[in-house]
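Letter by letter, the chains look like this.
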Number of protein chains: 2
Amino acid sequence: MTTRRTGLREEKKQATRVALREAALRLALEHGPDNVRVDDIAEAAGVSPRTYNNYFSSREQAIVAAVTAERESRVAAAVAARPAHVRLADALAEAILEQYTEPRDHDELLLITASPALRDTFLDAAAAIEHPLAAAIDQRLGCTGTPAPRVLAASAAAAVRVALRQWLQPPAAPLTTSGLVVPSGSLPDLLRSALATLEPAFDAAEEQAQQRLRQ
Amino acid sequence: MTTRRTGLREEKKQATRVALREAALRLALEHGPDNVRVDDIAEAAGVSPRTYNNYFSSREQAIVAAVTAERESRVAAAVAARPAHVRLADALAEAILEQYTEPRDHDELLLITASPALRDTFLDAAAAIEHPLAAAIDQRLGCTGTPAPRVLAASAAAAVRVALRQWLQPPAAPLTTSGLVVPSGSLPDLLRSALATLEPAFDAAEEQAQQRLRQ
DNA sequence: AGCAAATATTGCGTGCACGCAAGTTTGCGT
DNA sequence: ACGCAAACTTGCGTGCACGCAATATTTGCT
């Protein structure tokens with residue numbers, strides 16, 4: 001059920017998609033993110049510039065896609081893969097942590113932090129977990145028709161975004177009126193504490209779902 | 001403390017901002033959202049096209065801004081205005097409901113639902129509550145340094161987005177495998193139930209904040 | 001009032017996103 | 001094997017976003 005389309009076609013499409021994003025990443029690393037035109041990327045991937053925009057709707061998307069690969073979509077799969085008896089909140093946290101913890105290339109991160117435009121698209125890309133995640137949560141809670149799964153998924157995505165934004169921020173000047181400046185810890189810690197804030201909501205939703213089952 | 005800048009300058013800026021967005025709305029209503037170029041808007045507002053983009057960074061933003069006015073920023077103010085003894089979750093829900101319930105012009109809504117691009121920008125605009133809201137929540141909880149306020153604000157914004165998206169969707173074909181299709185109720189109801197999902201998280205955060213105060 | 005610094009506006013140039021209408025490739029039924 | 005239909009690619013044209021540098025306006029200061 002993974003792909004509805006036929007083999008050769010879909011295969012070629014994925015091939016050019018990969019070609020495009022790898023070309024984009026390579027060129028961006030070589031010449032700097034701002035010195036790469038979409039025409040260059042298209043040429044390097046062997047397609048027309050117009051075709052580039054059939055695959056990516058902005059110049060930055062291809063670069064970001066190369067860095068994040070399909071991480072976003074795998075989060076939902078990882079959630080669905082956890083055994084049903086695990087707390088939803090835990091399943092989610094584990095899935096996200098797992099997917100965002102793979103060792104990253106240091107150059108790639110520098111690249112992303114370098115350009116504001118790239119940072120923005122990177123954060124936007126994190127929002128892509130929302131829909132698949134909503135489906136996965138819906139599945140787990142079995143409460144189709146309620147907005148809860150969508151809200152929870154959207155909130156989780158939002159939390160991830162907050163964590164990533166914090167993480168990408170240069171430590172900045174320690175200028176707070178009151179006191180301590182948190183030195184913007186490690187990404188796993190940031191993700192954990194962001195998601196922890198939402199835990200009660202997940203628990204409550206799960207609770208309600210189980211009550212509905214039981215009754 | 002509302003405006004740091006001096007009078008005449010800021011006044012003129014707001015004037016042209018308003019002129020731009022009202023011109024945008026008027027033209028969009030007159031000729032349809034897709035038959036309005038930014039040059040037209042700029043001309044109608046009496047500024048150069050380049051200036052348009054000093055105020056709005058996309059063609060759609062001005063139109064949406066005219067419809068939503070400063071609703072987004074007022075939400076945070078409304079939260080801050082609630083007495084301190086009100087539950088945070090309630091303060092938030094009331095503030096949002098209050099701001100999103102003003103009677104809307106029917107034409108304007110049709111306009112927004114008409115064009116997908118407008119719908120998207122409209123939803124994006126709702127995300128603008130995030131930062132002011134985070135500040136307001138931070139104030140209320142008094143827990144600077146914790147990611148909680150940011151996460152809660154982002155989640156609330158996400159919930160609002162979910163509700164709005166549902167609300168803007170044409171009822172669509174009642175095609176579900178299992179059964180009932182919720183006829184995408186009234187906006188207040190949608191907002192209420194979306195925010196209700198997050199209530200436990202708000203309560204828990206408030207609880208924690210109070211414990212920290214007490215100790 | 002007058003002047004210098006700060007801030008806005010404008011025109012220009014470049015690259016980009018995307019609708020549209022060919023042209024090309026792939027898939028499938030017969 | 002053939003050919004039609006669906007899906008993908010491509011070139012073109014249009015409008016758009018935005019950096020930059022020149023110009024105009026406002027402000028605060030004396």
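(A) Seen up close, the domain arrangement of chain A. Residue and element names in this part refer to chain A. Each assigned domain of chain A is listed with its residue range as follows: domain 1 (7-66) and domain 2 (70-214). One C-alpha centre belongs to domain 1, the other to domain 2; they are set 27 Å apart. Summed over both partners, the interface of domain 1 with domain 2 comes to about 870 Å²; 79% of that surface belongs to carbon and sulfur atoms. It is Pro33, Glu60 and Val64 that lose the most area in domain 1 upon contact with domain 2, and together they represent 49% of the buried surface on that side. For the pair domain 1 and domain 2, the interface holds one salt bridge. Glu70 serves as the salt-bridge partner of Arg21, at 3.0 Å between the closest nitrogen and oxygen. Counting across the domain 1 and domain 2 interface gives one residue pair in polar contact (both at pLDDT 80 or more). Put simply, the parts of the chain that give the side of domain 1 that touches domain 2 at least two residues each are α1 (7-31) and α4 (59-68). Looking at the side of domain 1 that touches domain 2, its residues break down into six nonpolar, two polar and three charged.

(B) Broad picture of the pattern of salt bridges. Taken as a whole and assessed by the stated rule, the structure comprises 24 salt bridges over all chains. Notably, a salt bridge pairs Asp90 of chain B with Arg87 of chain B, separated by 3.2 Å at the nearest N-O pair. Put simply, Arg87, Asp90, Glu199 and Asp203 of chain A are held in one network by salt bridges that share partners.

(C) A look at the packing of aromatic side chains. Residues and elements named next belong to chain A. Tallied over the full model, the rule gives two aromatic pairs over all chains. Summarising the aromatic geometry, the rings of Tyr52 and Phe56 are spaced 5.8 Å apart at their centres and angled 40° between planes, so their arrangement reads as tilted. Just as Tyr52 is buried, Phe56 falls in that class too. Over the ring of Tyr100 we find Arg71; its NZ or CZ atom is 4.4 Å from the centre of that ring.

(D) Layout of the protein's contact with DNA strand C. Taken together, 22 residues surround DNA strand C, and among them Lys12, Arg50 and Ser58 of chain A together with Arg9 and Thr51 of chain B come closest. Among atoms of DNA strand C positioned within 4 Å of the protein, sugar and phosphate together represent 68%. A distance of 2.3 Å is found between a phosphate oxygen of DNA strand C and a side-chain nitrogen or oxygen belonging to Thr51 of chain B. If you list the elements that add at least two residues to the surface near DNA strand C, you get α1 and α3 (49-55) of chain A together with α1 (7-31) and α3 (49-55) of chain B. Class assignment of the residues belonging to the surface near DNA strand C gives a composition of five nonpolar, eight polar and nine charged.

(E) The environment of Arg26 of chain B, seen in detail. Structurally, Arg26 of chain B can be placed in helix α1. Once the C-alpha coordinates of Arg26 of chain B and His131 of chain B are considered, the two residues, 105 residues apart in sequence, prove to be 30 Å apart.

(F) Inspection of helix α8 (residues 116-126) of chain B at higher detail. Residue and element names in this part refer to chain B. Residues Leu118, Thr121, Phe122, Leu123, Ala125 and Ala126 constitute the buried set of α8. Lining the buried residues of α8 we find α4 (59-68), α5 (71-81), α7 (106-114) and α10 (148-168). Sitting at the amino-terminal end of α8 is Ser115, which places a side-chain oxygen 3.2 Å from the backbone nitrogen of Ala117.

Here is what the cut-offs are and how they apply
- Residues numbered from 1 in each chain as written.
- Chains lettered and ligands numbered in written order.
- Predicted model: local features only at pLDDT ≥ 70, side-chain atom pairs only at ≥ 80, totals over all residues.
- Heavy atoms only, no water.
- Domains from an automatic or database assignment.
- Buried area = accessible area lost by both parts, 1.4 Å probe.
- Salt bridge = Lys/Arg side-chain N within 4 Å of Asp/Glu carboxyl O.
- Polar contact = N/O pair within 3.5 Å; in protein donor to acceptor, adjacent residues only side chain to side chain.
- Helix = DSSP H or I, 4+ residues; strand = E, 2+ residues; numbered from the N terminus.
- Nonpolar A, V, L, I, M, F, W, Y, C, P; charged D, E, K, R; others polar.
- Phe/Tyr/Trp six-rings, centres within 6.5 Å; stacked < 30°, edge-to-face > 60°.
- Buried < 20%, exposed > 50% of the residue type's maximum accessible area, 1.4 Å probe, protein only.
- Lys NZ or Arg CZ within 6 Å of the ring centre and 35° of its normal.
- Near = heavy atom within 4 Å.
- Contact = heavy atoms within 4.5 Å.

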